[in-house]
Amino acid sequence: MKITSEMKIKEVLSFDEEKMLTTLMWLAPEFERLRYPKLRRAMSGRVSVAQAARIARVPLTEMLYVLNLAAGE
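Residues numbered from 1 in each chain as written. Predicted model: local features only at pLDDT ≥ 70, side-chain atom pairs only at ≥ 80, totals over all residues. Heavy atoms only, no water.

A.B. asks: Whenever I open this one, the overall build of the chain confuses me. Can you help?
C.D. replies: Looking only at helices and strands, the chain has five helices and zero strands in total. When the helices and strands of the chain are listed from N to C terminus, the series reads α-α-α-α-α. Taken over C-alpha atoms, the radius of gyration comes to 11 Å for the chain, in line with the 11 Å a tight globule of 73 residues would show. On the principal axes, the C-alpha backbone points of the chain span a range of 30 × 25 × 20 Å. Buried residues in the chain amount to 42% of all 73 residues. (Helix = DSSP H or I, 4+ residues; strand = E, 2+ residues; numbered from the N terminus. Rg over C-alpha atoms; globule rule 2.2 N^0.38 Å. Buried < 20%, exposed > 50% of the residue type's maximum accessible area, 1.4 Å probe, protein only.)

A.B. asks: Whenever I open this one, the pattern of salt bridges confuses me. Can you help?
C.D. replies: Close approach of charged atoms lets side chains of opposite charge pair. Counted according to the given criterion, the structure contains three salt bridges. Linking Arg35 and Glu18 is a salt bridge whose minimum nitrogen-to-oxygen distance equals 3.9 Å. Residue Arg35 is found in the loop between helix H2 (17-27) and helix H3 (37-44), and its partner Glu18 is found in helix H2; the two are separated by 17 residues along the sequence. Between Glu32 and Arg35 there is a salt bridge whose closest N-O contact spans 3.6 Å. (Salt bridge = Lys/Arg side-chain N within 4 Å of Asp/Glu carboxyl O.)

As structure tokens, then:
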């Protein structure tokens, strides 16, 4: 399944949680907060990939490309 900009971070993490967390943290240090389970549960269901890219100041196309590579697409 391909990762899209409308997907929630929770859906992205469902592919392979540890691998996707590592990938997100590699993209931007702002995603370090997702390492904490309480914060991950609170925010991952509310924030889309597009919103996360904006928060981290990462180009959306770059973020989608890297996440899809990590997901095996």
